[in-house]
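Listed here are the chains, written in short residue letters.
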Amino acid sequence: MNRGLSFAIAALQALIVASIGIGLTIAPLTLTWLLEGDGSTSWLVALQVAVFAFLLATGVPVQISAGKLLGFEFPDFAINVMPLGLTLLMALLVIRVGYRLSAASSIWPAWVGGGVSFGLIGLGSSALVNSDAVYVGEWEPLVIPAVFFGGLLVISSTLGSRYEMFEGANGAEAKERIWIRSQFANLYAKLHWSLRSVLSPAARVGLGVVATMAAVSAIMIALALGFGWIEVVRLYEALRVSVLGGVMVTLGQLAILPNLIVYAMAWLAGPGFAIGLGSSVSPFASQLGPMPAFPVFAALPTGGFDRGILFALIPILAAFVGTLLVRKHVDQIRWEYATRFTASIALAGVSALIAASSAMLLAAMASGSLGPGRFELVGVNVFQFGLVIFIEVLIPSFLAALIITKPYDPDKPRRK
């Protein structure tokens, strides 16, 4: 695959990914407009909603000018909560493209072609739908989508395994891929031994805790929606929408479902989350004000639990068990560290730092402003969430590490 072809393929893939991102919203909106529209609303409104949803999913904030809606006046506000369902879908598509491009003999043209094309699509689409009432910034729709697509393309085409259609199909590996991988290898080799020896098992523990919390949160939301199906139906009926309108509401809820999973992770950990200023939802107590009548909100707990502290055992147990399970990956720790205490502190500290950083990143993407007034704050307190996760992973991971990091004793025979 030569440079020109690599550039063209990435540019075409950027167009396809953007079309999917916009099309998933505009297709049902167009169908609703055709079948149920009364002629009072222009189709351009559907296009605006689809483009702004696409831009939000890539991280571009949308600005709303002051105005009046249903007789209520509202001030200027911004929407910057990413619909992580749409974000995740587009990210997976970009990663798949990057993995296939890893087989190319020259990848940098694909990075340029994909990133620039995706940025230009964001800029061009925003120029079509910007208005005095709803708009995005001048440079954000160009730069942020370009970084989103290009960054994921670089990561997926260099750090993963190389794509091969069949054995012996690939030619020489791209020099930029070799250079980036060698830079990471050199950086890892230059790390101090105290960090280098614990980084791999600590990453397994930290990311494992976050993944476990996400899985448990998803199961809890599914069970809450399943057992609370009567409330879900009641909220759908309260919206008084048609069948197509119900489909649109459902698609919108699917787009924010990963956000709710992140909120549930914060609920499990203890800090909880907020649906508007002055509100709080945690295992210990809940205080909710007026909320949008989305049926998925039926999964939110409305009261505290006498034994709410028990839910915090989930990340604690995940950290303890996860640390025990990396026993076969701690040989270097046992060799490098002279005492069990220092080895355990190092492994637990790095594990807790990785878990807290990952949780904070998810919380930052899932939280933000969703409207005027009290809805300027929706989601998780990022720093509070990270601090709690750090503590909940540090202590159990340290206790478990005391069991598995006993240094080698040359005077004692090894077990066979």
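About the thresholds
- Residues numbered from 1 in each chain as written.
- Predicted model: local features only at pLDDT ≥ 70, side-chain atom pairs only at ≥ 80, totals over all residues.
- Heavy atoms only, no water.
- Helix = DSSP H or I, 4+ residues; strand = E, 2+ residues; numbered from the N terminus.
- Buried < 20%, exposed > 50% of the residue type's maximum accessible area, 1.4 Å probe, protein only.
- Contact = heavy atoms within 4.5 Å.
- Areas by Shrake-Rupley, 256 points an atom, 1.4 Å probe, with all protein chains shown as cover.
- Lys, Arg positive; Asp, Glu negative; His and termini not counted.
- Charge placed at Lys NZ, Arg CZ, Asp CG, Glu CD.
- Pairing = 2+ DSSP bridges.
- Salt bridge = Lys/Arg side-chain N within 4 Å of Asp/Glu carboxyl O.
- Phe/Tyr/Trp six-rings, centres within 6.5 Å; stacked < 30°, edge-to-face > 60°.
- Expected span 1.5 Å × (residues − 1).

1. Observations regarding the overall build of the protein chain
For step 1, the next point in the chain: A count of helical and extended segments in the protein chain gives 13 helices and 9 strands.
For step 2, the next point in the chain: On the principal axes, the C-alpha backbone points of the protein chain span a range of 85 × 65 × 35 Å.
For step 3, the next point in the chain: A burial count over the protein chain gives 42% of its 416 residues as buried.
For step 4, the next point in the chain: The long-range fraction of contacts in the protein chain, counting pairs at least 24 apart against all pairs at least 6 apart in sequence, stands at 76%.
For step 5, the next point in the chain: Per element, the accessible surface of the protein chain, about 21800 Å² overall, is 69% carbon and sulfur.
For step 6, the next point in the chain: For the protein chain, the centre of its 24 positive side-chain charges and the centre of its 20 negative side-chain charges are spaced 17 Å apart.

2. Here's the deal with the environment of alanine 172
For step 1, the next point in the chain: By secondary structure assignment, the location of alanine 172 is in the loop between helix 5 (140–158) and helix 6 (175–190).
For step 2, the next point in the chain: A residue is classified by how much of its surface remains accessible, and alanine 172, at 58% relative accessible area, is exposed.
For step 3, the next point in the chain: Each C-alpha atom, one on alanine 172 and one on alanine 104, is 8.3 Å from the other, the two residues being 68 residues apart in sequence.
For step 4, the next point in the chain: Dropping the residues within four chain positions of it, alanine 172 is found in contact with Ala104, Ser105 and Arg162.

3. Notes on the sheet that holds strand 1 (residues 62–64)
Pairing between sheet strands relies on hydrogen bonds along the backbone, with the strands arranged either parallel or antiparallel.
For step 1, the next point in the chain: Strand order in the open sheet made by the 3 strands is 4-1-5, with antiparallel pairing throughout. A single partner strand is all that each edge strand has here, and the edge strands are strand 4 (77–79) and strand 5 (134–135).
For step 2, the next point in the chain: Here strand 1 pairs with strand 4 via 3 bridges, running antiparallel. Counted as the bridge partner of isoleucine 64 is phenylalanine 77 from strand 4.

4. With respect to the pattern of salt bridges
For step 1, the next point in the chain: Summed over the entire model, instances satisfying the criterion amount to 1 salt bridge.
For step 2, the next point in the chain: The salt bridge involving glutamate 173 is made with arginine 177; its shortest N-O contact spans 2.6 Å.
For step 3, the next point in the chain: You can call arginine 177 buried: its relative accessible area is 2%.

5. Some details on the packing of aromatic side chains
For step 1, the next point in the chain: Under the definition given, this model contains 7 aromatic pairs.
For step 2, the next point in the chain: Measuring from centroid to centroid gives 5.5 Å for tyrosine 263 and phenylalanine 273, while their planes differ by 25°, and the two rings are stacked. Of the two residues, tyrosine 263 is situated in helix 9 (residues 243–269) and phenylalanine 273 in the loop between helix 9 and strand 6 (274–275); the sequence distance between them amounts to 10 residues.
For step 3, the next point in the chain: In this structure an aromatic cluster arises from ring pairing among Phe54, Phe118, Phe148 and Phe149.

6. Considerations on helix 5
For step 1, the next point in the chain: Its 19 residues give helix 5 an end-to-end C-alpha distance of 26 Å, which sits within 8% of 27 Å, the value for a rise of 1.5 Å per residue.
For step 2, the next point in the chain: Looking only at helix 5, the buried set comprises Glu140, Pro141, Pro145, Ala146, Phe148, Phe149, Gly150, Leu153, Ser156, Ser157 and Thr158.
For step 3, the next point in the chain: Buried residues along helix 5 sit in contact with helix 1 (3–36), helix 2 (43–58), helix 3 (84–101), helix 4 (108–129) and helix 6.

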